[in-house]
Structures are given as structure tokens and as C-alpha cells.
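Here are the chains, one letter per residue:
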Amino acid sequence: MKRSILFVLMLVLSASCQRRLDGEAFGKWIHDLDNGLHVRKRSGEFLFDVQYEPSSYVALKQVISSPGMSYDSALHDTEQLQYYTLMIGLPESTSDFLENQVGSPEEKQQLLYYYSYQFQNDLILEDGGSKLPCVLFHFERSADMKNSRTFVLAFENVHADSREVNLSIQSELFPQLITIKISKNNIPSLKV
């Protein structure tokens with residue numbers, strides 16, 4: 001009898017310990033480098049910054065930007081994919097990221113084309129034993145000269161319960177295979 005009461009008490013306590021955060025606190029938690037969803041890795045002169053955004057957070061952002069859309073509808077639409085933002089930069093340089101990689105205007109055009117259309121093929125998400133290609137891809141082409149560029153990525157969500165994934169970048173532009181581990185452990189719940 002005492003064991004069953006103790007077991008029920010432990011279940012109640014563990015359920016009450018489940019963190020539920022409001023939208024602002026949830027966003028801060030997700031972007032905190034200490035929680036495993038936002039990871040930075042350096043390779044050669046390049047800095048790779050990867051941010052995983054859980055579908056609940058993507059849905060919340062959609063609801064905020066589209067008044068009238070229900071959270072449940074947005075969540076249903078976003079649960080099929082895993083969303084990431086990849087920033088690649090040259091932290092030691094003040095020159096333009098693209099100009100730093102090429103010499104001539106023709107080479108810059110080729111590089112822009114590569115980042116806009118072909119780079120997607122060099123991105124693989126290893127998730128639960130599956131190697132998933134990037135299915136949604138957007139290269140944010142900025143008009144300003146800055147030392148980094150941003151890519152918005154999405155991969156199929158075939159293992160929704162996975163706790164760890166690896167984003168691999170296999171490109172001739174970088175000195176070696178880049179593998180970045182993202183931990184999805186202990187993600188709090190979103191209070192809606």
C-alpha cells in the first residue's frame with residue numbers, strides 16, 4: 001500500500017515538474033546556448049550557428065504574424081517538419097562573407113547561385129538512424145555586406161520523439177565535413 005501511494009506521489013510530482021513556459025520565456029529558453037537547441041561550432045575560419053525551432057514555437061510565431069489563425073491549426077501544419085536556422089559566418093573578418101570566398105564578380109555570381117539553389121543538396125539531418133535531405137530551404141540574400149549569411153531549413157519529422165540529431169554539411173567550400181549535434185532533451189511545454 002505504501003509503495004503504491006509513493007508511486008502515485010512520484011507521478012504527481014514529476015508531472016508538476018514539467019515546465020510550462022509562456023511564449024516569451026519559451027523563446028528565450030530555445031535560443032539559450034546552454035539548452036542544446038542552439039549550437040555554435042567553429043571549423044577553420046568559419047563559424048556555424050544552428051538553431052532548432054520546435055514546431056510549437058514555429059506555430060506560435062505563425063499565430064503572432066497571422067492574426068485570426070488558431071494555434072491548433074498552425075501546430076498541425078508545422079508538426080510534419082523539423083525547422084532549423086543555419087548561420088555561417090567569418091567572425092574574424094569584417095569583410096563581406098561572399099566577397100571573402102571569391103575573387104571576381106563572376107565567381108561571386110556562381111557562389112550566389114550555389115548558396116541559393118545547390119547548397120540545399122549538401123545538407124543532411126541524421127535523425128534516429130535515418131539520413132534526411134533538406135526539403136525546405138531558403139537562403140536569405142541580404143543586400144548589405146556582412147560577414148555572415150543565414151539559411152532557413154526544414155527536414156521531415158519522421159522520428160518525432162528523437163532526442164538528438166546531427167546536421168551534416170558536406171560542401172567543397174568548407175575544409176571538412178561539418179557535423180553539428182543538436183540535443184532536444186527536456187524541451188519545456190508552451191503555455192498557449
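Residues numbered from 1 in each chain as written. Predicted model: local features only at pLDDT ≥ 70, side-chain atom pairs only at ≥ 80, totals over all residues. Heavy atoms only, no water.

Observations concerning the confidence of the model for the chain
Looking at the chain, pLDDT values average 87 and 89% of them are 70 or higher. In this model residues 4–17 is a low-confidence stretch, pLDDT under 50, and it forms zero contacts with partners more than four residues away in sequence or in other chains. (pLDDT = per-residue confidence, 0-100. Contact = heavy atoms within 4.5 Å.)

Structural notes on the sheet that holds strand β7 (residues 148–156)
Strand order in the open sheet made by the eight strands is β2-β3-β4-β7-β6-β5-β8-β9, with antiparallel pairing throughout. Taken across any chain shown, the strands that pair with only one partner, and hence form the sheet edges, are β2 (38–43) and β9 (178–183). When strand polarity is set aside, the average angle formed by the axes of neighbouring strands in this sheet is 25 degrees. Strands in contact with helix α2 (residues 23–31) are β2 and β3 (46–53); relative to β3, the strand with the most contacts, it is inclined by about 145 degrees. (Pairing = 2+ DSSP bridges. Helix = DSSP H or I, 4+ residues; strand = E, 2+ residues; numbered from the N terminus. Axes fitted to C-alpha atoms, helices over the stretch in contact; angles between N-to-C directions.)

Concerning the environment of phenylalanine 139
On the secondary structure map, phenylalanine 139 appears in strand β6 (residues 130–140). Placed 27 residues apart in sequence, phenylalanine 139 and leucine 112 show a C-alpha to C-alpha distance of 9.3 Å. Once residues within four sequence positions are removed from consideration, phenylalanine 139 is found in contact with Leu112, Tyr115, Ser116, Arg149, Thr150 and Phe151.

Considerations on the side chain of histidine 38
Within the fold, histidine 38 resides in strand β2. Looking at histidine 38, its side chain comes within polar contact range of the main-chain oxygen of histidine 31, at 2.9 Å. Polar side-chain contacts of histidine 38 include one of 2.6 Å to the side chain of aspartate 49. The contact partners of histidine 38, leaving out residues within four places of it in the chain, are Ile30, His31, Asp32, Leu33, Asp49, Val50 and Gln51. (Polar contact = N/O pair within 3.5 Å; in protein donor to acceptor, adjacent residues only side chain to side chain.)

Concerning the packing of aromatic side chains
Taken as a whole, this structure holds 19 aromatic pairs when the rule is applied. On the numbers, 5.4 Å between centres and 55 degrees between planes, the contact of tyrosine 114 with tyrosine 115 is tilted. For tyrosine 114, a relative accessible area of 14% corresponds to the buried category. A residue is classified by how much of its surface remains accessible, and tyrosine 115, at 0% relative accessible area, is buried. Grouped by ring-pair contacts, the aromatic residues Phe46, Phe48, Phe97, Tyr114, Tyr115, Phe119, Phe137, Phe139, Phe151 and Phe174 constitute a single cluster. (Phe/Tyr/Trp six-rings, centres within 6.5 Å; stacked < 30°, edge-to-face > 60°. Buried < 20%, exposed > 50% of the residue type's maximum accessible area, 1.4 Å probe, protein only.)

Focus on the packing of helix α3 (residues 55–65) against helix α4 (residues 71–78)
Two numbers describe a pair of packed helices, the interaxial angle and the distance between the axes. Interaxial distance between α3 and α4 falls to 8 Å at its minimum, and their mutual angle equals 130 degrees. It follows from the interaxial angle that α3 and α4 lie oblique. Of the two elements, α3 crosses α4, and the hand of that crossing is right-handed. Facing Ser55, Ser56, Val58, Ala59, Leu60, Gln62 and Val63 of α3, the residues of α4 in contact are Tyr71, Ala74, Leu75 and Thr78. (Parallel < 35°, antiparallel > 145°, perpendicular 65-115°, else oblique. Left-handed = near helix turned anticlockwise from the far one by under 90°.)

Some points on the packing of α2 against α3
The contact between α2 and α3 brings their axes to 11 Å, and the two run at 130 degrees. Between α2 and α3, the angle falls in the class oblique. For the crossing formed where α2 meets α3, the hand is left-handed. On α3, the residues touching Gly23, Phe26, Gly27, Ile30 and His31 of α2 are Ser56, Tyr57 and Leu60. Per-class residue counts for the contact of α2 with α3 are four nonpolar, four polar and no charged. (Nonpolar A, V, L, I, M, F, W, Y, C, P; charged D, E, K, R; others polar.)

Structural notes on the pattern of salt bridges
All chains considered together, the criterion is met by four salt bridges. One salt bridge in this structure joins glutamate 24 and lysine 28, with 3.4 Å as the shortest N-O distance. Residue glutamate 24 and its partner lysine 28 are both found in helix α2; the two are separated by four residues, about one turn of the helix. There is no split in this pair, since glutamate 24 and lysine 28 are both exposed. A salt bridge links lysine 61 to glutamate 53, with the shortest nitrogen-to-oxygen separation between them at 2.7 Å. (Salt bridge = Lys/Arg side-chain N within 4 Å of Asp/Glu carboxyl O.)

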